[in-house]
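Secondary and tertiary structure notes
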Amino acid sequence: MGETRIGVCNLCEAICGLEITVEGRTVTGIRGNPADPLSRGYVCPKGVSLADVYADPDRLRRPVRRVGAGAEATWVEMDWDEAYDLVAERLAAVIRDHGRNAVAGYLGNPTAHSIGAATHGSELLRVIGTRNRFSASSVDQIPHQLVAWQLYGHQLLIPIPDIDRTDYFCVFGANPMASNGSLMTVPDFPQRARDLAARGGRMVVFDPRRTETARIADEHHFVRPGTDAVVLLAMVRTILADGLARPAAYVDGRERLRTLVEPFTPERAETASGVPAATVRRVAREIATARSAAVYGRVGVSTQEFGSLCQWAIGVLNILTGNLDRPGGVLFPEPAIDVVGRQVLAPGHFDAWRSRVRGAPEFAGELPVAVLREEITTPGDGQVRALLTHAGNPVLSTPDGRGLADALDSLDFFVAVDIYVNETTRHADVILPPTTALERDHYDLVFHGLAVRNTARWTPAVLPRDPDQRHDWEIFRDVTRRLIAQLDRDPATRLPRAKRWRALARVLPSPATMVTAMLLRERRTSMRALRRRPEGVDLGPLRPTLPGRLQTPAERIDLTPELLVADLARLETALARTPVADDELLLIGRRHKQDCNSWLHNTERLTRGRPRHHLLMHPDDLAARGIGDGECVEITSAVGAVRVEVTATDDVLPGVVSLPHGYGHQLEGVRLGRASQVPGVSINDLTDPALLDLSGNAALCGVPVRVAAVPVEAATQPLVSPVG
Ligand SMILES: Nc1nc2c(c(=O)[nH]1)N[C@H]1C(S)=C(S)[C@@H](COP(=O)(O)OP(=O)(O)OC[C@H]3O[C@@H](n4cnc5c(=O)[nH]c(N)nc54)[C@H](O)[C@@H]3O)O[C@H]1N2
Ligand SMILES: Nc1nc2c(c(=O)[nH]1)N[C@H]1C(S)=C(S)[C@@H](COP(=O)(O)OP(=O)(O)OC[C@H]3O[C@@H](n4cnc5c(=O)[nH]c(N)nc54)[C@H](O)[C@@H]3O)O[C@H]1N2
Ligand code: SF4
Ligand SMILES: [Mo]
């Protein structure tokens, strides 16, 4: 007979609680857990697919070493000791011969979704001691972190919309109906949005595409990609001009702000963005006069040229209207383990060093991943010669991914910690595969701190692992130990005693031990209480906590931090230049409910049904180019070209085209398991590593492209075509 166990989904930021039925080691069912105080029984199709990942024959369970390259590559299993020794020896050799910065590290998105990676991952990078640290954050949310650090004093002190109580929810560049929220852990967004409507609240969406979220909103406004900063600054201006600003007593800089935003009139916003001036004024007044309002912006406004200005203006709108720290506005969660308050993570710093080739500034110890390729391919002192990736696929997820793929083959050594051979890890010399969600314990150190309700939950592993599988924290522990031993052999690379002992002390305890200790320190709940209530413990709705939790000097908020103010000049320059040539279109990305960034395309459950990889294009733009619905087109950017089928739709603004990100598994001659059958191209073969926000975040939205019909004979050739 089957047995029901409580599990958790780690696939997205919604962190849904699950009820999992198992028979022996077979998962027979996955449902949402109705007793979970945060997710309340919600589950999406991806959550159910955790069973497919667990059972997937393509998933790696033991270390593998690559023999041969490209289409000829084969993978040979190794045992763990042999693999650890190889990795430690090779990394140590690169450090000895070329210095610490010659090893680069890249942490992908699921790093944040695994407790073991969160507790044990950074120590290995600290032991390596490289300045070439990269992560998916610089193709995602660095602008939020930079602005949080500037306004509130800590990069992860990020205010979260109080969606369950707000009267007015204003969304820029996010599609929580498909994504289930981000920097807003909000499981069951669909029901929470229905509740908002039922209590008479309003939802207003600004997006170049009429998305699933836009469709259920009270209002949707098309906005030209990359121009939101002007719209948001014009809203700030309206609120100040109309005397509607009601900031808290601990807020400074209102008069300076008034002068700074003076040039950004709603009329100017209309010219730049296409959003009518009257709409800009009205929505601004509604935000200011609603009983409570929350302004929120995500991937569409972070991954653009002015991502930091957008996030600044969003923060300022919430602060000025008195909605920061107010129920129904945006508030700081109070997680049971407060990594921000405890300063487990540094508050943030900017431009403490720069990348070697382009001179791009670091943020909080990371360089923009858009510079990784040039750091590998440009010879000279400090050139990157070895790479460690964890849970990432930068070949599909970072700008000019195809260029990066070529660069990977020139590395002396590449080790990937990953559960699949993917478009990136296929270039690795060794892959070390950890256990996955159902086989390991979980406590969410990250997303409880970004959630719309305060809860805590400890989830023991649902299923046993094979004896020869390893948890990610064990992999990090053992590679760290062996690397330290290797570095010890040479006086030039030996770690100072104190640093060596600190590193060992940090990697030896298990995540369970660490979580128990951290809970004990905070005294909000305990490991024993959490073990008694595996569905989760409710710690209540978000509460006002300011100014006490600000980490700024004198616990005050300055509305006009110099770093952001200085970037207004760059915006003015951009506004002065001609937007795009007549035949150019602006490319944006999208997410679908059944996709999970670049992975999970090997599960049948998520890949059946109508294809989702098409380019979306307005019928007028198609007609102007003589292209028919469903035909194959070639899309060209400054960086590359791809061929893909097009779907006509007036869901996109004329002049805008949309491709989903995370596709492009059809590599000539290369088999990546079942995912190879999924058609589609990588949007990041078009995005441009030269286009960055102030923060170093890649500008992935609003990339200028040209779209042309493909002659019939060419259309039958492979859809992926490299360009010159
Ligand atoms: N153009 C464009 N590009 C984008 C985006 C966009 O919207 N448009 N979005 C960006 C965003 S927001 C993100 S977060 C990035 C994501 O970019 P990445 O983080 O680079 O890529 P993912 O697709 O998330 O790849 C995750 C990898 O982790 C592996 N994995 C899964 N679970 C585990 C685990 O438990 N342990 C380990 N070790 N590995 C695991 C999977 O096999 C997969 O290979 O992409 C970014 N790129
Ligand atoms: N199903 C599913 N869920 C996911 C993921 C997934 O891959 N699939 N990925 C997870 C990850 S890593 C993240 S970071 C989150 C992201 O969560 P979201 O940010 O909610 O997701 P996106 O679909 O990327 O939404 C970005 C929106 O911005 C719009 N946009 C593009 N350019 C612009 C612009 O210039 N201005 C404005 N105003 N809008 C613009 C796009 O049309 C799109 O609707 O989702 C997470 N959840
Ligand atoms: S919404 Fe996110 S956390 Fe919840 S089941 Fe779906 S993928 Fe998992
Ligand atoms: Mo992301």
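Heads up: these notes are all about the structure in this document. What you see is a predicted model, and the numbers here were worked out from it, not measured in a lab.

Regarding the packing of aromatic side chains
Geometry of an aromatic ring pair is reported as the spacing of the ring centres plus the angle between the planes. All chains considered together, the criterion is met by six aromatic pairs. Considering the side-chain rings of Phe169 and Phe189, the 6.4 Å spacing of their centres and the 50 degrees angle between planes classify their relative orientation as tilted. With Phe169 in strand β9 (residues 168-172) and Phe189 in helix α7 (residues 189-198), this pair connects stretches of sequence that are 20 residues apart. For the pair Phe169 and Phe189, a shared accessibility class is recorded, and that class is buried.

Points about the sheet that holds strand β2 (residues 17-23)
Pairing is antiparallel across the open sheet formed by three strands, whose spatial order is β1-β2-β3. Each having just a single partner strand, β1 (3-8) and β3 (26-32) make up the two edges of the open sheet. Across the sheet, the mean angle from the axis of one strand to that of its neighbour is 30 degrees, orientation sign disregarded. By the bridge criterion, six bridges tie β1 to β2 in an arrangement that is antiparallel.

A few points about the site of ligand 2
Contacts to ligand 2 come from 34 residues, most closely from Ser179, Asp207, Asp228, Asp595 and Asn597. Contact with the protein chains covers 97% of the free accessible surface of ligand 2, which is 920 Å². Elements supplying a minimum of two residues to the shell around ligand 2: α6 (176-179), α13 (299-302) and β25 (585-590). Among the residues forming the shell around ligand 2, the class breakdown is 13 nonpolar, 12 polar and nine charged. Each of two domains, domain 3 (162-332 + 548-565) and domain 4 (580-722), supplies a minimum of three residues to the shell around ligand 2.

Focus on the site of ligand 1
In the vicinity of ligand 1, 29 residues are found, and the nearest of them are Tyr106, Asn109, Asp418, Asn422 and Ser598. Val417 places a polar main-chain atom, nitrogen or oxygen, 3.1 Å from a nitrogen atom of ligand 1. Interatomic distance of 3.0 Å between a side-chain N/O atom of Arg440 and an oxygen atom of ligand 1. Contact with the protein chains removes 97% of the 920 Å² of surface that ligand 1 exposes when unbound. Taken domain by domain, the shell around ligand 1 gets at least three of its residues from each of domain 2 (64-139 + 347-508) and domain 4 (580-722).

Analysis parameters
- Residues numbered from 1 in each chain as written.
- Chains lettered and ligands numbered in written order.
- Predicted model: local features only at pLDDT ≥ 70, side-chain atom pairs only at ≥ 80, totals over all residues.
- Heavy atoms only, no water.
- Phe/Tyr/Trp six-rings, centres within 6.5 Å; stacked < 30°, edge-to-face > 60°.
- Helix = DSSP H or I, 4+ residues; strand = E, 2+ residues; numbered from the N terminus.
- Buried < 20%, exposed > 50% of the residue type's maximum accessible area, 1.4 Å probe, protein only.
- Pairing = 2+ DSSP bridges.
- Axes fitted to C-alpha atoms, helices over the stretch in contact; angles between N-to-C directions.
- Near = heavy atom within 4 Å.
- Areas by Shrake-Rupley, 256 points an atom, 1.4 Å probe, with all protein chains shown as cover.
- Nonpolar A, V, L, I, M, F, W, Y, C, P; charged D, E, K, R; others polar.
- Domains from an automatic or database assignment.
- Polar contact = N/O pair within 3.5 Å; in protein donor to acceptor, adjacent residues only side chain to side chain.

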